[in-house]
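Secondary and tertiary structure notes
Residue-level listing of the chains:
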Amino acid sequence: MLLFRHSGHTQVIAKPVVKVMPDQRVFRGETVTLTCDIQGGGRDTQWTYSWFKDGLLIPNSTERVYNIASNVSVSGNYSCEAKRSEFSAAISLHVSDLPTSKLTVTPDNPVFTGETVNLMCGIETYTNWTWRNYQIDGWRDWTAEWRYEWYKGSRYSVMLNTSEHYTVNRDTLTIRGANESDQDQYWCRGQRDGRPNSSQSSSAIYLSVKDSPTSTLTVSPDRHVYNGETVNLMCEIETYNNWRWRNYQTYAWGHDWTYDWGHDWTYDWGHDWTHEWRYEWYKGSRYSVMIQMSEHYTVNGDTLTIRGATESDQDLYWCRGQRDGRPNSSQSSSALYLSVKDSSTSSVTVTPGSTAFTGESANLPYSSTSSVTVTPGSTAFTGESASQTYNPQPILTVRPQSSVFTGDTVTLSCDMGQSTGWTFLWRKDSNPESTDEATKTISSVRVSDGGTYQCRAERGKYYTELSDTIKITVRERPKPVVRVQPDGRVFRGETVTFTCDIQETGVWQYSWYKNQDYSRGQDQIYYSRGQDQNYKITNVDWSHAGVYSCRGTQTKAPQYSQFSDGVTLTVSDLPTPTLTVTPDRSVFTGERVSLKCVINSDHSDWRYEWNKDYSVLWTSERYTVNRDTLSIVEAVKSDEGQYTCKGHIDGRSVSSKPRSVSLSVKGLKPKPELTSDLAGAALTGNTVTLTCRMDPSTGYWDFYWYKHTLNPETEKTETNSYRLKIDSVSDGGHYWCRAGRGKPVYYTNYSDALWVNVTESPKAVLTVRPDERVFRGETVTLRCDIKWEGDTEWTYRWERKGTNNQYTNTVNQTSTQELNISSVDRFHSGKYTCTGLINTQISQRSDAVTLTVSAEARAAVRVSPQPWLTEGESVTLICEAPSGSSTGWTFSWFRDHDLLSDSSRGAGGSYTLSPAALQHTGVYTCRAERGRPAYYTHNSSTQPLWVSGVSSSVSLVINPSRSQHFSSHSLSLSCEDQSNSAGWTVRRYTDKDTKTCSNQTGSPCVIESLSTSDTGVYWCQSESGEKRHPRNISVHNGEVILVSSVDPVIVGETLTLHCLHRLNSPIFRADFYKDGSLVQNQTTGEMNITTVSKSHEGFYYCKTERGQSLHSWISVRVSRSGQISVFKILSFLLAACPYLVATVVLLYKCYRAKVPSAEDQSQYAVTEEGRNFNLILTV
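A few points on the structure. Since the model is a prediction, treat every value here as computed from it, not as a measurement.

A word on the pairing of strand E47 (residues 546–554). When you tally the buried positions in E47, you get seven out of nine residues, the bulk of the element. One ladder, built from seven bridges, connects strand E44 (residues 508–514) with E47; its direction is antiparallel. Bridging from a neighbouring strand, Gln509 pairs with Thr553 of E47. Where E47 lies against strand E49 (residues 567–572), three bridges are found, and the strand directions are antiparallel. From the neighbouring strand, Gly546 faces E49, where its bridge partner is Leu569. Sheet topology note: the E47/strand E48 (residues 559–560) ladder contains two bridges and is antiparallel. Across the sheet, residue Gln554 finds its bridge partner in E48, namely Gln559.

Dropping the structure here:
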């Protein structure tokens, strides 16, 4: 509230407040009421109101109360203003969607009159609704909270409630017995107590109702009958065509029935659905119990028969049909009233001594015509007493009959006439009585239900007499057996008779079924109303094939047998025989001929008929007939002609189709021709194919082969080819053949003799260039040579031995002698052989040559006599080819990675420097090559060579002065010359390259941050190329290094080794090792060896709790004037660098004279993990 003072008065400015009902969060369709409440303005003040949405004035909103019908578009911020007041604070109004409703209908549209229709209303789940509106996950089952409302017609029609026609069961609306008035739009929605208190209305579904087929009920002989008459009621259902036409005329103008019914009706007019209907019969009210078959009622398809009508049959009757497809029900027929009257009026006349029962009318024979009702103890007079003298006896009846089959239903009725109020007692055999209704029904009777039955009635303390006895006989339901004549396998055109044999006495009628399917009902094809148990099919066709079964019905009562097992009838075309002739259709005089007639049929009882030129053949001197085989013992010219066979089945009018073949008989005995596939001589170890040629028109033959002589035969073959294996020269010679066939064998004449010439096969010789051991990428040439005096051109086949040790992998076949493999790889490795071929002949295989392909080749270099020398001496560098392959190599030489200008001097493998000069100092490598195109090996490992002057005043100064250094630390190297230090430069050799380390001549080499790639050999080099004072430098990535002197130790002096940590932290324990063995452990981190001797030389390293140092070689030299040059060399042997991985061997282990021994030629090796350098130090 604001206070303003004006003209001596205080004014109050009121603040409006917007109030909302029911809530700021509402649902679509709800009504929202906004009230602009003025706080502090006084009730009697006249205010003018304005309403705003999202800051914009709402037109025509001048009342204090503002009502809104909510939908999504009204969501927003609302505020109000009243004149003489401020704007109210805005309120936010949010409109959410109500839960959706979905309506479904069963069965599918359209529905038919009389059908039951279920409409189901499904309301959106709580989880889906909360996610759709608020994008949050929430779970709750609110299904039980909804109350469902159902509407028919327009959106604002009256709600449907449960009635006789409609049943509302929460989310389901059921329409029983749909009719045309039910055709309309339906929709639903839900209501609940909480908010949202309503769902959205569902989309409307239009229910289309079509007429079901009509049913018409007729009666014979009349609607008015007398007691004892037989009455037939017939239910006739509208035909399919009439029903289609009526619905089409009524509903289908402009309507697509194809869509409604799921198929095209245009081609369906001839459909007969009479056999598809099952008929239901009802008596009394529309919703009474359906009439079942009994002794009194017989239902036979569309007819209900009442035998011996009584007054109890007087009532309304109606019927309808049911079927499996849609429409699945017909309309109920109009009710027909059946009237049953007595043929005459009867009454009980009481005479002296007669008895009447309670409730009966009695005529008294005296002049009065009145009648009296006789009660227990009452009397009637004609002058004497007519009192009751015995108890009444109920009448026991059975339906349908007393003799039944297992599975039938039997109904026993204990009838007390018009008397009421009785309780009935039942007795079976000698069992105790049991209480039951007046009607006792035994469903699905068993054999054990058979026996004698009696009943009596009880009312209070009064019992009737026992009824007469009825004996129920229960027999196993008989199962028919179907027999078929002549057989279950018949041919088109035959007559088939099925017989339904029921081994049970009685008068039976028979029903026949084809391809019965119990899941879909029976497909009844024939019904015999008489006692003929046969079903006959004349002129059988394909359509008659199937499985046939039968069932019997007794004529006196609706009793059925079981279904018989099915009998399969197969129908096939009359077969056409296959007629074969052995040995062939063309034979020679004297041959035995067999003709065989094969009929592919399920029947085996065929009788065969043989004809020659249309004359029937029987067994005779010339012919033998054995059922399906006709034999001619020795054919003659007169046996030529056309032979025909066909089959008959005795007792049946069935014959197969005939089959004919022509037989030709030739007079001259044939002679084959023998040929060879080889034009020249055959080589041992090969095969020769001989061919015995017969005229193809003469048919099939076996062939007999002869070698050197005509008797005995060498071999028999079924083909006209014979593969002759040539093992030696002796397999050559004359060969013959002849053909034969039949049993006994009919032989042709012998062929002419064929001479086969055989020569010893030459052996191939295989050579390989450049070598049997080659390297990947080289070019390999294999050559196959065959010593052969002839002038025939050979072709060659190359083979490599496979994993199964057989030469099965053919590499190549070429007409040239050489096989070239360019850029050979490892998979080319293997044992190679070659053979030569001339036409079909092959030489002996060469001996195998093993080709080995290695991954890579690297040359190896060594020096003789030693790698260090004084200028003027001689030295030889030797380059060796890769191990195992020493053929055809030439060599090239490099110093400091550059090809030597006189490299060709060492092409043979040795490069000699004589005399050696200072400029020859450097790192030497070599490379081998061979072949065209040239194949190059990898360069050899490096071989440093140091040539010293007679004296040297230059030294390499290292700071800090040690051979091992930590990575990331700094290092400084400089050259000091007593005469001219400015003329020297520090250079180095690493595993990467050789380069100058100093920025300019005379300046030091400073490395601010060392790395392992800085490991190498460092030296001083003059402007003229002289090299002086080389030293090894090792750089370690670890935490520990070994500190030792950069110079060799002099015999007799003290050797001091330090173990140093990267951060120079204190060392509490250090272990020192020489050549891998522990020599000392110290707590000071330092080891001293006093009075050093040559035995102390070796690889040293140390180990602390932080790690292990690299290995360094410690050399010891002897201080003797006569050995000054050797000891100077040893003084330069530093701690070995593990990254250079070289082997430094001290050659001089003892004092020598001026002539060096063989040990002097050894190398010093300095080893570091991962790399190798050969370092030779000299001064």
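Here we come to the packing of aromatic side chains. For the structure on display, the rule yields 33 aromatic pairs. Residues Tyr126 and Trp129 carry aromatic rings whose centres are separated by 6.1 Å and whose planes lie at 50° to one another, so their mutual orientation is tilted. You can see Tyr126 and its partner Trp129 sitting in helix H1 (residues 126–134), three residues apart, about one turn around the helix. For Trp129, a relative accessible area of 4% gives the class buried. A ring pair is formed by Phe498 and Tyr535, whose centres lie 6.4 Å apart and whose planes are at 20°; its orientation type is stacked. A residue pair is termed long-range when its members are at least 10 positions apart, and Phe498 in strand E43 (residues 496–501) and Tyr535 in strand E46 (residues 534–537) qualify at 37 residues. Side by side, Phe498 and Tyr535 carry an identical accessibility label, which is buried. Taken together, the ring pairs in this structure connect Phe27, Tyr126, Trp129, Trp142 and Trp146 into an aromatic cluster.

Taken in spatial order, the four strands of this open sheet run E21-E23-E26-E25, and their pairing is antiparallel. This sheet does not close on itself; its edge strands, each paired only once, are strand E21 (215–220) and strand E25 (297–300). Across this sheet, the average inter-strand angle for adjacent strands is 15°, counted without regard to direction. Alignment of strand E23 (residues 231–237) against strand E26 (residues 303–306), held across four bridges, turns out to be antiparallel. For Val231, the partnering residue across the bridge sits in E26 and is Ile306.

By the secondary structure assignment, Ser564 is in the loop between E48 and E49. On the accessibility criterion, Ser564 (3% relative accessible area) is buried. In terms of polar contacts, Ser564 uses its side chain to reach the backbone amide nitrogen of Cys550, at 2.9 Å. Setting aside residues no more than four positions away along its own chain, Ser564 makes contact with Lys479, Pro480, Val482, Gln516, Ser549 and Cys550.

To continue, consider the side chain of Thr303. Relative to the helices and strands, Thr303 resides in strand E26. Within the local environment of Thr303, its side chain forms a polar contact with the side chain of Asp302, the two groups lying 3.1 Å apart. Aside from chain neighbours lying at most four places away, what touches Thr303 is Asn232, Leu233, Met234, Trp281 and Thr298.

Reading the values: the criteria
- Residues numbered from 1 in each chain as written.
- Predicted model: local features only at pLDDT ≥ 70, side-chain atom pairs only at ≥ 80, totals over all residues.
- Heavy atoms only, no water.
- Buried < 20%, exposed > 50% of the residue type's maximum accessible area, 1.4 Å probe, protein only.
- Helix = DSSP H or I, 4+ residues; strand = E, 2+ residues; numbered from the N terminus.
- Pairing = 2+ DSSP bridges.
- Phe/Tyr/Trp six-rings, centres within 6.5 Å; stacked < 30°, edge-to-face > 60°.
- Axes fitted to C-alpha atoms, helices over the stretch in contact; angles between N-to-C directions.
- Polar contact = N/O pair within 3.5 Å; in protein donor to acceptor, adjacent residues only side chain to side chain.
- Contact = heavy atoms within 4.5 Å.

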